[in-house]
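Working through the structure, step by step
In case you want the letters, here they are:
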Amino acid sequence: MSVLLSARGLQKQFGARPLFQIDLLEIEAASAYVLTGINGIGKSTLLRVLCGLEQAQCAQLEFDGQPFSLQPYPRVLRDAIVYVHQHPVMFASSVPANIGYGLAARGVAGAEIDRRVDDAMAWAGVSHLRHSRPATLSGGEKQRVALARARVLEPKLLLLDEPTANLDGAAREQVMALIPALIREGSSIVIACHDRDLIGLPGMQRLKLRDGRLHLR
Amino acid sequence: MQLTEAIRDAFILLFSGDHVLWQIIWVSLKTSVVGLLAATPLAVAAGYAIGSHRFPGRRILIWLAQAALSLPTVLIGLLLYLLLSRQGLLGGLQWLFSQPGLIAGQALIALPVLIAFTLAAVQAADPRLAETAITLGASRLRVMLTVLHEVRFGVMAALITGFGRVISEVGSALMIGGNIAGETRTITTAIALETSKGEFAQGIALGIVLIAIALVINAVLVLVQGDARSAGVVS
């Protein structure tokens, strides 16, 4: 397996308090990881650092074999890495416009956006929500729209922050069902979670944050 | 009874289509709207930048914008007067006692109102909106437009409040415009002048127009906020 992303000496601190100090983080291409650890240990922060929403020190960063620095966050990483919030927010526009947002930002032509959005909506099982107001979607529906909104960009690395937290019953099952499909499509995925069913999915590698260190199991 | 006669004359002036009166109203509306629109792009961009970014001096800018809200408009008028007078820095423009000068004053007065209200709306926005736009690959400009679209009701409230402030101010309009009939005489400067001459009818007629404008723009604000609530934008 080729290494997609490797970060050496990745450190994050809030003021004087160190949150984590990771000697080596390696994400292989087309691989899936769960990132576990107790609340407040820095799982979300690590994902947010990787997608450039938070700053951190990194001694050496490579992506797809090319060296990069974290600051300023490089465009190549921005285009290749997508982060999905634990509680995703919807833009007020419309459900299809939400899913096509990243494609529009990349300058993809309108007809192509429509085609890929239709495909992504069918994939996420949200085609019936086409005319719903985004603000009125349930938590599970928002999560599925957010997954479609990320998947449509075909990111090399997808970072999901507790995608099933606070969902139960059918909503949780529907979100759970999308994860193996995402993994099969060839993106690398890192999922921060506590969900045993997600941790137990076949082919999952396990990263654990403990006492500011990262352990691969 | 002098007051009842004055009020009766005021309504006669209003509904007889009195040319002088309606010209004053037209000058007021025109300079207020143009001044407001001239200030809007810069003010909204500045409000967004201050509201959404952390940088040294940010709190000083917030403090200044909010303090500028409580400046009397005569002071802004004085400042602009000094700039526009013949020896002033911008004296070459020859804007003193002209509509462009009047508009510049309205824009200066609207600026801090628009900045402070846009800033408050952007600060109140869910930070995940900008983060989502960023992680989906939006450029800085697209992130800004997306966030401003999300807080559009707040920006509209800023515009409506700003309009209310410029249409009702008298200090700067009097000093910069000079209250020249048919040119820079606005609703408020005309009321001040007519009242000082003991002519109440025109003053009352213009007062009625100002009240009507206040009622209409605030009705728009109430409607906009009602829509925002039903759209789930504000709780």
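Structure: above.
Below is a short write-up of the structure.

1. Looking at the sheet that holds strand β6 (residues 81-84) of chain A
Across a sheet, paired strands are connected by hydrogen bonds in the backbone, their directions being either parallel or antiparallel. Residues and elements named next belong to chain A. Across the sheet, which stays open at both edges, the six strands sit in the order β6-β7-β8-β3-β9-β10 with mixed pairing between neighbours. Each edge of the open sheet carries a strand with a single partner, namely β6 and β10 (213-216). Ignoring which end each strand starts from, the neighbouring axes of this sheet average 20 degrees apart. Examined bridge by bridge, strand β9 (residues 204-210) and β10 share four bridges and lie antiparallel to one another. Residue pairing for β10: Leu 209 is matched across the bridge by Leu 214.

2. Describing the sheet that holds strand β1 (residues 3-14) of chain A
All names here are of chain A. The strand order β2-β1-β4-β5 describes an open sheet built from four strands, whose pairing is antiparallel. Here the strands that pair on one side only, and so sit at the sheet edges, are β2 (17-28) and β5 (66-68). The average undirected angle you get between the axes of adjacent strands in this sheet is 15 degrees. Where β1 lies against β2, ten bridges are found, and the strand directions are antiparallel. Across the sheet, the residue bridging to Gln 11 is Gln 21, located in β2.

3. A short note on the environment of Ala 80 of chain A
Residue and element names in this part refer to chain A. Its place among the elements puts Ala 80 in helix α2 (residues 75-80). Among the residues examined, Ala 80 registers 22 C-beta atoms within 10 Å and is labelled buried. With residues up to four places along the chain from it excluded, the contact list for Ala 80 reads Pro 155, Lys 156 and Leu 157.

Each value, and the rule that gives it
- Residues numbered from 1 in each chain as written.
- Chains lettered and ligands numbered in written order.
- Predicted model: local features only at pLDDT ≥ 70, side-chain atom pairs only at ≥ 80, totals over all residues.
- Pairing = 2+ DSSP bridges.
- Helix = DSSP H or I, 4+ residues; strand = E, 2+ residues; numbered from the N terminus.
- Axes fitted to C-alpha atoms, helices over the stretch in contact; angles between N-to-C directions.
- Buried ≥ 20, exposed ≤ 12 C-beta atoms within 10 Å, placed from the backbone.
- Contact = placed C-beta atoms within 7 Å.

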